[in-house]
Amino acid sequence: VQLQASGGGLVQAGGSLRVSCAASGRTFSSYVMAWFRQAPGKEREFVAGISWSGGTTDYADSVKGRFTISGDNAKNTVYLQMNSLKPEDTAVYYCAARWGHVIVTMSKGMDYWGKGTQVTVSS
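Residues numbered from 1 in each chain as written. Predicted model: local features only at pLDDT ≥ 70, side-chain atom pairs only at ≥ 80, totals over all residues. Heavy atoms only, no water.

Asks: Account for the overall build of the protein chain, with residues named and values stated.
Replies: Scanning the protein chain from terminus to terminus reveals 0 helices and 11 strands. Counted from the first residue to the last, the protein chain has its helices and strands arranged as β-β-β-β-β-β-β-β-β-β-β. Here the C-alpha radius of gyration of the protein chain, 13 Å, is about what a compact globule of 123 residues would show, namely 14 Å. When the backbone C-alpha atoms are referred to their principal axes, the protein chain occupies close to 40 × 25 × 25 Å. Here the protein chain holds 123 residues, and 41% of them are scored as buried. Restricting to contacts in the protein chain with at least 6 residues of sequence separation, those with at least 24 account for 58%. (Helix = DSSP H or I, 4+ residues; strand = E, 2+ residues; numbered from the N terminus. Rg over C-alpha atoms; globule rule 2.2 N^0.38 Å. Buried < 20%, exposed > 50% of the residue type's maximum accessible area, 1.4 Å probe, protein only. Contact = heavy atoms within 4.5 Å.)

Asks: Account for the pattern of salt bridges, naming residues and giving values.
Replies: Tallied over the entire structure, the rule returns 4 salt bridges. Arg37 is the salt-bridge partner of Asp89, the closest N and O atoms lying 2.9 Å from each other. With Asp89 in the loop between strand 8 (77-82) and strand 9 (91-99) and Arg37 in strand 4 (residues 31-38), this pair connects stretches of sequence that are 52 residues apart. For the pair formed by Asp89 and Arg37, the shared burial category is buried. Here Lys64 ties to Asp61 by a salt bridge, and the two come within 3.3 Å at their closest N and O atoms. Look at Lys64 and you get partly exposed, because its relative accessible area is 49%. Look at Asp61 and you get exposed, because its relative accessible area is 67%. (Salt bridge = Lys/Arg side-chain N within 4 Å of Asp/Glu carboxyl O.)

Structure, rendered in structure tokens:
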């Protein structure tokens, strides 16, 4: 599975941004897709995940109510809509995938990773 993230950028606090992750290589619907992020000097952390076969989503407490993960199965693309952005959301955002239907929140549980996309929120 190859993952390609895009859509990062610079936005002011309170603004919105959508990042995308295009997947190729295997049947998209057989995988759990997730977004993680890593800020300078911090560990990589779970942001949101979606299970196609399980029909579920999960979010980190820090982004609940502000971020929405969704996908287009026909395009093999997963999106992360980020609203009400805060400076603490600044990080490199990574798309990841794992085979199966259970969403995991630990980065070591993911099988495939894409290159990250930078999201910077100015105050």
